[in-house]
Amino acid sequence: MLRFQTFLDDADDWLKPLRNAYLIGNDGHPMRGEIAIEGGLIVCRKREQGPAALNVLYPAGALGDLSVQTTLLPERDRPYLLEVELARHRLMTVYLKREDWGMLDLPDDHPVPEQTARALEAFLEAVAEERDEPEAAAKHAMTALEASLDASEELALAHADRLLSRRTQARSLPTAAIGCTVHPTQTDPRLRPLIAEHFEYIQLPIPWKLLSPEEGAYRWDAIDGWVEWATEQKLPIVAGPLISFDPGELPDWLYIWEHDYDTLRDLAYEHIEEVVGRYVRAVGAWNVVSGLHINTHFSFNFEQLMDLTRMSLMLAGKMVSGARLYVELRQPFGEYYAQNPRSIPPMMFADLVTQSGVAFDGFSVRMPMGRAIDGEFTRDLLQVSSMLDRLQPFGKPVLLTTGVPSEPITSWMMEAGSGGAPADDRSGSWRQPWGPKVQSLWLQAVYQIALSKPFVEAVAWQELSDHEASSLPMSGLISDAMRPKSSIKRLIGFRKAIRSPRPTRVATELSAIAGGSEGQGVVSAEIDDDGPAPSWRDDED
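Reading the values: the criteria
- Residues numbered from 1 in each chain as written.
- Predicted model: local features only at pLDDT ≥ 70, side-chain atom pairs only at ≥ 80, totals over all residues.
- Heavy atoms only, no water.
- Patch = residues over 30% accessible without salt bridge, like charges linked within 9 Å, V, L, I, M, F, W, Y side chains within 5 Å.
- Areas by Shrake-Rupley, 256 points an atom, 1.4 Å probe, with all protein chains shown as cover.
- Salt bridge = Lys/Arg side-chain N within 4 Å of Asp/Glu carboxyl O.
- Lys, Arg positive; Asp, Glu negative; His and termini not counted.
- Charge placed at Lys NZ, Arg CZ, Asp CG, Glu CD.
- Helix = DSSP H or I, 4+ residues; strand = E, 2+ residues; numbered from the N terminus.
- Buried < 20%, exposed > 50% of the residue type's maximum accessible area, 1.4 Å probe, protein only.
- Axes fitted to C-alpha atoms, helices over the stretch in contact; angles between N-to-C directions.
- Parallel < 35°, antiparallel > 145°, perpendicular 65-115°, else oblique.
- Contact = heavy atoms within 4.5 Å.
- Nonpolar A, V, L, I, M, F, W, Y, C, P; charged D, E, K, R; others polar.
- Phe/Tyr/Trp six-rings, centres within 6.5 Å; stacked < 30°, edge-to-face > 60°.
- Lys NZ or Arg CZ within 6 Å of the ring centre and 35° of its normal.
- Core = buried A, V, L, I, M, F, W, Y, C linked by side-chain atoms within 4.5 Å.

Colleague: Got a minute to help me understand a negative patch on the surface in this structure?
Modeller: Residues Glu215, Asp262, Asp266, Glu270, Glu273 and Glu274 make up a contiguous surface patch of negative charge. For Asp266, the position within the fold is in helix α8 (residues 261–279). On the accessibility criterion, Asp266 (42% relative accessible area) is partly exposed.

Colleague: Is there a simple way to explain the packing of helix α4 (residues 134–169) against helix α11 (residues 381–389) in this structure?
Modeller: Between two packed helices, both the angle of their axes relative to each other and the distance between the axes serve to describe the pair. Between α4 and α11, the shortest axis-to-axis distance is 7 Å and the interhelical angle comes to 50 degrees. By the angle between their axes, α4 is oblique relative to α11. Contacts from Ser152, Glu153, Ala156 and Leu157 in α4 reach Leu381, Leu382 and Ser385 in α11. Its residues assigned to classes, the contact of α4 with α11 shows four nonpolar, two polar and one charged.

Colleague: Help me out: how do you make sense of the packing of aromatic side chains in this one?
Modeller: The geometry of an aromatic ring pair is captured by two quantities: the separation of the ring centres and the angle between the planes. Throughout the structure, instances matching the rule amount to 14 aromatic pairs. Consider the rings of Tyr218 and Trp220, whose centres lie 5.1 Å apart with planes at 10 degrees: the pair is stacked. Assessed through its relative accessible area of 23%, Tyr218 is described here as partly exposed. Where Trp226 meets Trp229, the ring centres are 5.7 Å apart and the plane angle is 90 degrees; that geometry is what we call edge-to-face. Taken together, the positions of Trp226 and Trp229, both in helix α7 (residues 221–233) and three residues apart, correspond to about one turn of that helix. In this structure Trp226 comes out as buried when scored by relative accessible area, which is 1%. Taking NZ or CZ as reference, Arg192 lies 4.6 Å from the ring centre of Trp226, over its face. One Lys or Arg, Lys396, reaches over the ring of Phe360 and ends 4.3 Å from the middle of that ring.

Colleague: Please clarify how the nonpolar core should be interpreted in this entry.
Modeller: Side chains of a nonpolar character, in soluble globular proteins, are inclined to be buried together. Membership of the largest hydrophobic core comes to 115 residues, with the highest contact counts inside it found for Ile195, Phe245, Trp286, Leu381, Trp442, Leu451 and Leu464. Looking at this core, the element that brings in the most residues is helix α12 (residues 436–452), giving ten residues. Excluding residues that lie within four positions of it along the chain, Ile195 makes contacts with Cys180, Val182, Ile202, Trp226, Trp229, Leu235 and Leu464. Judged by nonpolar contacts, the second largest core, of 39 residues, contains Leu57, Leu73, Leu82 and Leu145.

What follows is the structure, given as structure tokens:
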């Protein structure tokens, strides 16, 4: 059993309930256990042996409310001081990442060494006072945590800046690296010229629920329209997922067979045949299966999960010729595994699929943030970069789909993905509460990090425009009134920079995050590409 003491000023408000709280084992996977508040302490009862770390959503001052973790800790009688252990882990991570990424040559006046030195000084003061003056120690540790989080994000961006500069100079970015997701129900004609001018591919969801609301009957019109238009524009399409058991994507009639795996497998087989057979000549890449490793809604066992994955990939592989096949990982940080014994950690699932002998071309990773549900609590940039790095050893290209809201989600009743529960405003924040400018700067930072990785082929935003069927409200680049947000202008500027004849280096100014307002005017193909502009500097290499 592990126990933690905390000295947050509003601890009662933050700890009831604990948000995104789970244990992590020494293998890096979430660990089964129970976490509760007892006598003012956070009490963690493990179901497994060995040291463990605690992950929790924590208010980190100017850095925002972020999901962070402690170091791996052995059991002991005396409670640990939460703030000290959170700061210890992040400071240690900064040192390890600087060495791992070869970033030890940063000048002394760079934000990384400056903030690291500040964090270390405050951390040593916290350790010195931890036993005799725990409250004073906690305050020093909070300073250390904030400084080390700042250093870690600056480190992630500096590393991405260096690698992306090399990649753009070498002209090694794929020709279709910047995409957007278009829901089939989005039919406003003003969207199409915008996509054709500013995006290099589209992601086209094919929700089983939309396509076949009644068993045995298909409605193709919505998807046909987008496929025909993209084909005319010679715009590459990533279609799917074909098989996903997310409640927002499943037809109601399929739940009749939730305890009959053989029948459900046959239905999935027939569905893949129908969809791939119709669009085989138009679609160049298929997202075949998505999120099966989470296994929340149907009671599949391990063998059934892997069998369904193999069957889907093999069938799609037989039907297509030259098209690429992807397996999508959802909730890539794996929070769900701490509670669901039938699930598979995302990186373990990726390894199992890679070793299965079934041919496929890459992984798709879906990483939305900004809702208070598993997989969508806010994390910092270093965690994003490190998560992507964990996929490199599999030797497969990666497509990243991401999105955050342009305002805090506080009053929405979200039917898709959250069981209709009221939204919780404690989903976390990144330096400032979610707003148009925060959304745009987060977009640029994550795109910069992702496309700096040699194994990342492309990045797509989760929603092109806000709409009623969106699984993450207010996450579009364009409002539901067809007004451009600052995020789409920043994305256009980012794309121009990396595609220019002499690519410029993109610098994300974290200090610039101070809120903002949406752009004015109705969206059209003539969006003002110059404003609000990102921070630029000429390539010095």
